[in-house]
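Single-letter residue listing:
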Amino acid sequence: MRRKSIVIGAFAIVLLSALVLVPRGSSQSSAARLITQSIDESKMVTLTGNTHPFARAEFDQGPVSASMPMNRLMLVLKRSPAQEAALDTFLAQQLDPKSANYHNWLTPDQFGERFGASEDDATTLTTWLQSRGFQVAGVSHGRNIIEFSGNAGQIQAALHTAIHSYLVNGQQRWANQSDPQIPAALAPAVYGFVSLNNFPKQPASHSLGAFRKSLTTGKVERVPSPSYTFQGGCESNNDCYALGPQDIATIYNITPLYNAGIDGTGETIAVVADSDINTTDVSQFRSVFGLPANTPNIIHNGTDPGKNGDEVEAVLDTEWSGGIARKATIDLVVSENVDLSATYIIDNNIAPIMSESFGECELFLGAAGNAFYTTMYKEAVGQGQTVIISTGDSGSVGCLSGMNSSAANTYGLGVSGLASTQYNVAVGGTDFNDINNQSAYWNSTNTSGTNGSAKGYIPETTWNDSCTNAALADFGYSTNAETNCNNSAVSNTLANDVLNGGSGGVSNCTTPTGSGTATSQCAGGNAKPSWQTGAGVPSDNHRYVPDVSLFASTGFLTGSFYVVCQLDNTMGQDGTPCNLSANAFAFGGAGGTSVSTQVFAGIMALIDQKAGGRQGNINPMFYTLANNQAGKCASGSPASNCDFYDVSAGTISQPCMNASGSSNCTVNTNTDSFGVVVPYSAAAGYDPATGLGSVNVTNLATAIGGNIAPVGSFTVGPSSGTATVSAPGSSATYDLTVTGTNGFAGTVNFSCTGLPEKAFCSAPAATLSASTTTASSTLTITTTAATAQLVPNVAPGNNGPAQRSAPLLDAKMFSAEMKRALPISLAMLLLLGAAAFFYLPRSRQRISASTLPSGVAFAVLILGLVFIASCGGGGGGTTTGTTGTPTGTSTVTVTATSGTTTSSTTFTLTVN
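Owing to the predicted nature of the structure, the values given are computational and were not obtained by experimental measurement.

Peer 1: Explanation requested: the sheet that holds strand S35 (residues 759–762) in the structure shown.
Peer 2: Pairing within the open sheet is antiparallel, and its 4 strands lie in the order S31-S33-S37-S35. Only two strands of the sheet have a single partner each, and these edge strands are strand S31 (713–717) and S35. Across this sheet, the average inter-strand angle for adjacent strands is 25°, counted without regard to direction. With 4 bridges connecting them, S35 and strand S37 (residues 774–783) associate as antiparallel partners. The partner of cysteine 761 across the bridge, within S37, is isoleucine 781.

Peer 1: Would you mind showing me how to read the sheet that holds strand S36 (residues 766–768) here?
Peer 2: Hydrogen bonds between backbone groups are what pair the strands of a sheet, and the pairing can be parallel or antiparallel. Read from one edge of the open sheet, 5 strands run S32-S41-S40-S34-S36, paired in mixed fashion. Across the chains shown, the open sheet's two edge strands, defined by having one partner strand only, are strand S32 (722–725) and S36. Across the sheet, the axes of successive neighbouring strands diverge by a mean angle of 30°, strand direction being ignored. Strand direction decides the pairing type here: S32 and strand S41 (residues 901–911), joined by 4 bridges, are parallel. Each bridged residue has a counterpart across the sheet, and for threonine 722 the counterpart in S41 is threonine 908.

Peer 1: Would you mind showing me how to read helix H8 (residues 279–288) here?
Peer 2: Along an α-helix, residues three or four apart share an orientation, since each turn contains 3.6 residues. Of the residues making up H8, those classed as buried are Asp281, Val282, Phe285, Arg286 and Val288. Taken down its axis, H8 places every buried residue within 160° of arc, on the same side. Just beyond H8, the residue with positive phi is glycine 290, at close to 70°.

Peer 1: I would appreciate a short explanation of the state of the cysteines in the present structure.
Peer 2: Any covalent bond linking the sulfur atoms of two cysteines counts as a disulfide. Under the defined criterion, the tally for this structure stands at 5 disulfides. Across the disulfide from cysteine 361 sits cysteine 399; the S-S distance is 2.2 Å. One disulfide, between cysteine 361 and cysteine 399, carries an S-S torsion of 100° and so falls in the right-handed class. Of this pair, cysteine 361 sits in the loop between strand S18 (358–359) and helix H11 (362–382) while cysteine 399 sits in the loop between strand S19 (386–390) and strand S20 (425–432), and the two are 38 residues apart along the sequence.

Rules used throughout
Residues numbered from 1 in each chain as written. Predicted model: local features only at pLDDT ≥ 70, side-chain atom pairs only at ≥ 80, totals over all residues. Heavy atoms only, no water. Pairing = 2+ DSSP bridges. Helix = DSSP H or I, 4+ residues; strand = E, 2+ residues; numbered from the N terminus. Axes fitted to C-alpha atoms, helices over the stretch in contact; angles between N-to-C directions. Buried < 20%, exposed > 50% of the residue type's maximum accessible area, 1.4 Å probe, protein only. Arc of directions from axis to C-beta. Disulfide = S-S within 2.5 Å.

So this is what it looks like as structure tokens:
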């Protein structure tokens, strides 16, 4: 009896195992270990290319104190080649409508499980950091970052590099003096360290100071006096046009989306920041331009850095992303540095769109820094997040961002490593090409409520506020850029050492080979993605930026710039930002690709809303549309069917010092102090100056998300009525009328709720247009005579017969389930047989004829149970139909639906 009990127990355990352990869905296990050797501190490897170019002897102020805190550093973890290949395949499938993984966005934890470091490697690295005295905050959800803190002495002891102080351009900074080292055993799992220096990322914005507009004359002037002259406006005979959100909506054709209810509702944009703001600035901005109240969320990730020198960046980023996506939620994520903010947004998946208006050239980021952005952005797009990054404001010389050209450019050409990955949209800058005919594009007065004055699309050229801009010829200067850059008259207007203009170019320095400043140390570069193709795209194997561009000018030549409201800027005598009640309307001016980036983030929120969800890496769609678009708009001549406005005029060339060691500097006259960097100009098709060009937003959103939702609304009637069915099994009709209002046009479908059992409704769709404002449809109510029967248990619905006739399990489904269940079932039976053979006495291992049938029946029962378990216990089954007569009175609700617009009416149904 004891052995018999054991056998019965074994049967029960096996059966429960079948019910519990049979998988309901597939998942991928964690990565294999990359750290396979024990850690030996005597065997070290150097992580080359990870010393900032400014960390050199001429700036060195000596070592910092060993106790100096170094908080929230990040160790970037490496994927295996097999993982990278699997991730690349998966990301491609997410964008392929034919794939089962199309828009199958992952959570951060799912991403980490499938494509992050193994738990063993993460544990090993964490333990090693702790053994060196660091405090480890934890491993990111995506398993690609370990955050830790310590001090300068611990860094020197663990990584074998000293932290020194450096004085650069009058600013005190600290950085590692040489490339860090780690134990060789750890190297296969590590890219390197981020934040071993505090050289900041550069904001891509330019604050123009304060302006005021007379409420009586409408003229705009500087407050308190101009620090430079506007050749194209404000201080001369021409007017200055300060842009508000409605101007951008008019110029880039966003208004039809607003009219259709596409305004950012339900969408969220997460903005990267390292400074806090006054939310009252945002409220005032929205009030001035007639936007609905919508206070941004301020998310403090760790220690609040307060309001600092980057406050204007954070303010304008928040105002303009929300100014375009008017009803979207804006999450301003504030951390001690922008890398921490970006990591927080991605690894917590807080928004479908992330925008960042900071940059740094690939050379200055170092190998680990460039790997960091690629690693994090790949996680973002795997989660369906669209990453939108500014290209910068220094033309083709990205490493001179935040500096001027009064010294030799020893860095050569460069682009921002934050923008040059395959996994982000890189946004550049344009300017308006309207200085000779402004009245054709601007109204002389502002529209009440929105304060807009643009008439429509304005032809565009490159944004270039340097002395190389060909538009200077329109003001009587030379047509030769080098001549203008060496003309003192020009320098009184546009200083010849100013580097202001939309950035672009080729990725070529993601794995620098040393710590010097020579361009020869540049190596690598992000590879050209398969989708970056088309007319004008260079034929090499490197990634080019930008992808798209929008207006970004600071108004030096054209007199056009963006409005920003910021209390901490002097906005007039009362110090109030954007004050409409004062004698003169006071406001701030700004420009730069930081603003064009945030405008594009707002546009992306509208695209997401129009498309009904996240889009992830949207670039492949952009290039496909641009390449397949027969009616692409030429610059200055927008067509009704275009998605992109091709910008084909201008250059992003910049001035350069005629000095020894200055790279990529063309000097035609040896005695000139300044030459010209001449790599990129706008041209037909794609170009590294403006990318694909700017965008016709409504057309672009329609191409990605389908037809525009109907404008206006409708009602369905009558508001009450009756219908009578003579007997079960008979039908009745009820007449409906749909009436459109406010220009509604579209197809209206009908559904019913509240019907008695065995009753169903149907009605032909009604179609309305601008000329057909009413339409009729007849609702038919069908009943079924009551019979007692077993029917499939189907999901509730009101389309009746089609649902009721569905089989419980069709042949193809049964075949697939059997193929999946059979191996599991056989395995379970083998286990049962083995258990029986092991536990039953030899003398009882004979099977008699009398016991055979019951044994077979028991085996079949077990097989059936296992099969049911392997099928996942789905939601099928049967239910008994009503046997009584479905007579009586019901209140039926008819819902008319077109897109997101609905209207309902009720009537009384009687079944006799």
